[in-house]
Amino acid sequence: MAQQQSDKRYRVAVWATGGVGRYAIRTIMDRPNLELAGAWVHSEAKDGQDVGVLAGLDPVGVTATRDVDALLASGVDCVMYAAPAGPRPAEALADFCRILSSGTNVVTTSLPGLVYEKGSLSKRFLDPIREATAAGRSSIFSSGIEPGFGCDLFPIALMTMSHKVYAVRGIEITNYSDYPVEWDVRELFGFGQPLDYQGGLKQPGVLRWGWGAAITMVADALGVQFDEIRETCEFLPTPRDLHTACGLIPAGTVGATYAKCIGVVDGEEVVSLEHVDRMADDLAPDWPTGRTGATDGIWRVLIDGEPSFDGEFEVGHRDGESASDHGLLATGMRAVNAIPWVCEAAPGIVDALHLPLTSAIGALHPHRDGVPAF
């Protein structure tokens, strides 16, 4: 089991300075046990710029670079990898292997299928990562708000109070109208596509690739194995034009999606991870919502058992707060807060089921001082 050394400071580089990466930089700058060691950037325009400025802060005296070798040779304990992996899995795999082989640990929010070593990714994908961690004596941890917490670790924690469990449902409920990542919105989720769109989540194997690891983690926590993993995805149209962060979603195209990845034992659907995603709050009124009817920033867990549970949490719940911004922040923090434990872990792929709780050391600010996230 990984142990956290409270008196040690870990040097961290951030890989990509987009939405999650900017939040990671701000947090690293704010924590007494973390030190910002650098940042890798993709664009020539960012190369050589001060990392603090890229994160919206004052200059901090750390320069962004496109030189991977120089970054990894600078004495980095861990890379917070925030570059997208969904549209570029081969490139992300190459990045992971290069970093890990150098002896540098990795925490990432980019590859949900890596939150657990079983259930999602193929041996052909995982073996190079395992070989790289062995060569570099390094570790890699993948997490996020979901997968990584809301529909896997959260129900596992609830079931520490269970006598019997009959079925487990983890549900993410999100309004994506303010989410600016076009590939995710249009290609993966299918928003704005014709109702007969067969790409993204509709493609066989895509839901398992992303979410099979999360539900398998829940099964392993219960000591069972799935007989099969099923996938379903439904679309509903928007009755009107919608103007979103990714542009126009025309009337009659996909405005709401409901996707499920379901683990089956003895013919029964026993563990499911579900995403109910809308482009407007009034769409798909018969699909799941939060307990009060909310349709954004909600993670809800329903456990049929003895006792039964209906638990949920909501991010960005106060007036004036953005659930999208707070959700991205929570996603990044699941990785950043784990850095000390991952750096001390045995080499290999580590996961939330086998790590201690990765508490947010240094996060308390009673006087509301320090580096703001927003």
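Bear in mind the structure is a predicted one, so any value in this text is a computation, not a measurement.

**Examining the pairing of strand β6 (residues 139–142)**
- Burial along β6 is two-sided: the residues Ser139 and Phe141 and Ile140 and Ser142 are all buried.
- For strand β5 (residues 105–108) and β6, the ladder comprises three bridges, and the chain directions are parallel. If you follow Val107 over to β6, its bridge partner there is Phe141.
- What joins β5 to β6 is helix α5 (residues 123–136), and the crossover it makes is right-handed.
- Pairing between β6 and strand β15 (residues 348–350): three bridges, direction parallel. When the sheet's bridge partners are listed, Phe141 is paired in β15 with Val350.

**Quick word on the packing of aromatic side chains**
- Applying the stated criterion across every chain yields a total of 14 aromatic pairs.
- A ring pair is formed by Phe154 and Phe313, whose centres lie 5.5 Å apart and whose planes are at 70°; its orientation type is edge-to-face. Of this pair, Phe154 sits in helix α6 (residues 153–158) while Phe313 is found in strand β14 (residues 309–314), placing the two residues 159 residues apart along the sequence.
- Between Tyr176 and Phe189, the aromatic rings sit 4.8 Å apart at their centres with planes inclined by 35°, giving tilted as the arrangement. With Tyr176 in the loop between β7 (164–175) and α7 (182–188) and Phe189 in the loop between α7 and α8 (206–222), the pair connects residues that are 13 residues apart, well separated along the chain. Of the two residues examined, Tyr176 and Phe189, each falls in the buried class.

**Overview of the sheet that holds strand β4 (residues 78–81)**
- What the seven strands build is an open sheet, ordered β3-β2-β1-β4-β5-β6-β15; its pairing is parallel. Lying at the two open borders of the sheet, with one neighbouring strand each, are β3 (64–65) and β15.
- Bridge count between β4 and β5: four bridges; the pairing is parallel. Along β5, the bridge assignment pairs Met80 with Val107.
- Its contacts with the sheet place α5 against β6 and β15, and it is angled at close to 110° to β15.
- Docked against the sheet, helix α9 (residues 323–336) engages β2 (34–40), β4, β5 and β6, running at close to 160° with respect to β4.

**Quick word on the pattern of salt bridges**
- For the coordinates displayed, the defined rule picks out 18 salt bridges.
- Note that Glu44 and Arg66 form a salt bridge whose closest N and O atoms lie 3.7 Å from each other. Linking Glu44 in the loop between β2 and α2 (51–54) with Arg66 in the loop between β3 and α3 (68–72), this pair joins segments that are 22 residues apart in sequence.
- Arg66 sits in the partly exposed class, given a relative accessible area of 37%.

**A closer look at the domain arrangement of the protein chain**
- One can read the domain layout of the protein chain as domain 1 (1–145 + 327–372) and domain 2 (153–314).
- In terms of surface lost to domain 2, no three residues of domain 1 exceed Gly119, Ile145 and Leu353, which account for 30% of the buried area on that side.
- On inspection of domain 1 and its partner domain 2, the count reaches one salt bridge.
- The salt bridge involving Asp220 is made with Lys118; its shortest N-O contact spans 2.8 Å.
- Joining domain 1 to domain 2, the criterion identifies seven residue pairs in polar contact (both at pLDDT 80 or more).

**Comments concerning the nonpolar core**
- If you look at the biggest cluster of nonpolar residues, it comprises 53 residues, and the most contacted ones within it are Phe191, Ile215, Phe226, Val271, Met279 and Ile303.
- Only α6, β7, α8, β8 (228–237), β11 (254–265), β12 (268–278) and β13 (298–306) provide two or more residues apiece to this core.
- The element that contributes the greatest number of residues to this core is α8, accounting for eight residues.
- Viewed by domain, this core spans two of them, domain 1 (1–145 + 327–372) and domain 2 (153–314), each represented by three or more residues.

Each value, and the rule that gives it
- Residues numbered from 1 in each chain as written.
- Predicted model: local features only at pLDDT ≥ 70, side-chain atom pairs only at ≥ 80, totals over all residues.
- Heavy atoms only, no water.
- Buried < 20%, exposed > 50% of the residue type's maximum accessible area, 1.4 Å probe, protein only.
- Helix = DSSP H or I, 4+ residues; strand = E, 2+ residues; numbered from the N terminus.
- Pairing = 2+ DSSP bridges.
- Right-handed = clockwise from strand over helix to strand, strands pointing away.
- Phe/Tyr/Trp six-rings, centres within 6.5 Å; stacked < 30°, edge-to-face > 60°.
- Contact = heavy atoms within 4.5 Å.
- Axes fitted to C-alpha atoms, helices over the stretch in contact; angles between N-to-C directions.
- Salt bridge = Lys/Arg side-chain N within 4 Å of Asp/Glu carboxyl O.
- Domains from an automatic or database assignment.
- Buried area = accessible area lost by both parts, 1.4 Å probe.
- Polar contact = N/O pair within 3.5 Å; in protein donor to acceptor, adjacent residues only side chain to side chain.
- Core = buried A, V, L, I, M, F, W, Y, C linked by side-chain atoms within 4.5 Å.

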